[in-house]
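Residue strings, one per chain:
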Amino acid sequence: MKIKILLVDDHEIVLDGLRSILEKEPDFTVIATASNGREAISIAKKLKPDVVVMDVNMPGLNGVDATTQLKALELDIKVLTLSAHIHDKHISRMIKAGASGYIPKSSAVKELSEAIRTVANNKTYLSQKVMDSVFQYMKEKPEHSDTSFMSLSMREREILQLIAEGKMTKEISDILNLSESTVNTHRQKIMKKLNLHTIADLTKYAISQELISLNI
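Read on for a plain summary of the structure. (Residues numbered from 1 in each chain as written. Predicted model: local features only at pLDDT ≥ 70, side-chain atom pairs only at ≥ 80, totals over all residues. Heavy atoms only, no water.)

### Thoughts on the pattern of salt bridges
- Tallying each qualifying case throughout the model produces twelve salt bridges.
- Salt-bridge contacts for Arg19 lead to Glu23; the nearest nitrogen and oxygen are separated by 3.2 Å.
- Given a relative accessible area of 29%, Arg19 falls into the partly exposed group.
- Taking relative accessible area as the criterion, Glu23 reaches 41% and is therefore assigned partly exposed. (Salt bridge = Lys/Arg side-chain N within 4 Å of Asp/Glu carboxyl O. Buried < 20%, exposed > 50% of the residue type's maximum accessible area, 1.4 Å probe, protein only.)

Here is the structure:
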């Protein structure tokens, strides 16, 4: 029985390349692709892939929060992180969100295939580079605490990302199917928790936490 794969990345050329590579494997079938986390969740609900190969930094809904929402569906969907970033911040957040594996985009095709098969078989997979990053982090004390970010609820993180991407209150309410007053209430709570006072401050904070990247 073939492993059903959903590919999630905000770069079309990456999706096309991954699909072309993975479909050469006799035990893989790429059932769909998605360009952001929100699209991935919608597709996963309908098609129920075995493995979601997930990028971290994406517009609209990032890989961390998308993974959290996917795992909450309880559909036995495994998430394998495939990212250009191997910072301890990304790794720890993805693992806490429920990812079963994490490998860098610089990995060889053979390792990507091995990682997919491993997580599909209910095991975990971390590439050597990722393990080295984690080990280095454990040896050193982090300069900045992640406490303030982790105090935000999943909904608050979603709204923070959308605010930082330049979305207005009306746009956010449409995207998340919330009233504008609810969006404003969430924004006020975010500012209070982070002790920030302007949209510019929220945007800078989101960038510092790598919740968004400057090239999206």
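### Describing the side chain of His186
- Examined against the element boundaries, His186 turns out to sit in helix H10 (residues 180–194).
- Exposure remark for His186: the relative accessible area of 18% places this residue in the buried category.
- Those residues within four positions of His186 in sequence are excluded, and the remaining contacts are Arg155, Glu156, Ile159 and Leu178. (Helix = DSSP H or I, 4+ residues; strand = E, 2+ residues; numbered from the N terminus. Contact = heavy atoms within 4.5 Å.)

### Quick look at the sheet that holds strand S4 (residues 78–83)
- Strands sit in the order S2-S1-S3-S4-S5-S6 across an open sheet of six strands; the sheet is parallel. In this open sheet, the two edge strands, each paired with only one partner strand, are strand S2 (28–34) and strand S6 (125–126).
- Direction of pairing for strand S3 (residues 51–54) relative to S4: parallel, over a ladder of four bridges. In the sheet register, Val52 faces S4, and the bridge partner there is Val79.
- Of the strands in this sheet, strand S1 (3–8), S2 and S4 touch helix H1 (residues 12–22), which is tilted by about 170° from S2.
- Against the sheet, helix H5 (residues 109–120) touches S1, S2, S3, S4, strand S5 (101–104) and S6, its axis set at about 155° to S4. (Pairing = 2+ DSSP bridges. Axes fitted to C-alpha atoms, helices over the stretch in contact; angles between N-to-C directions.)

### A word on the nonpolar core
- Counting 24 residues, the largest nonpolar core has Leu6, Val8, Val52, Met54, Leu70, Val79 and Met94 as the members making the most contacts within it.
- Counting residues per element, the ones that place at least two in this core are S1, S2, helix H2 (37–47), S3, helix H3 (63–72) and helix H4 (88–97).
- At four residues, H2 tops the list of elements feeding residues into this core.
- Setting aside anything within four residues of it in sequence, one finds Met54 in contact with Val8, Gly63, Ala66, Thr67, Leu70, Val79, Leu80, Thr81, Leu82 and Met94. (Core = buried A, V, L, I, M, F, W, Y, C linked by side-chain atoms within 4.5 Å.)

### Topic: the pairing of S1
- Among the six residues that make up S1, five are buried, leaving the element largely enclosed by the rest of the structure.
- Sheet analysis places S1 next to S2, joined by six bridges and oriented parallel. Across the sheet, residue Leu7 finds its bridge partner in S2, namely Thr33.
- Here S1 pairs with S3 via four bridges, running parallel. Pairing of Val8 across the sheet is with Met54, part of S3.

### Focus: helix H11 (residues 199–208)
- Taken together, the buried positions of H11 are occupied by Leu202, Thr203, Tyr205 and Ala206. Buried residues of H11, seen end-on, are gathered within an arc of 165° and therefore sit on one face of the element.
- Where H11 begins, the side chain of Thr198 points an oxygen toward the backbone nitrogen of Asp201, at a separation of 3.0 Å.
- Glu210, located one to two residues past H11, shows a positive phi value of around 60°. (Arc of directions from axis to C-beta. Polar contact = N/O pair within 3.5 Å; in protein donor to acceptor, adjacent residues only side chain to side chain.)

### Details of the environment of Ile199
- Along the chain, Ile199 turns up in helix H11.
- Considered as a pair, Ile199 and Leu126 are 73 residues apart in the sequence and their alpha carbons are 37 Å apart.
- Among all residues touching Ile199, those that are not within four sequence positions of it are Ile163, Arg187 and Met191.

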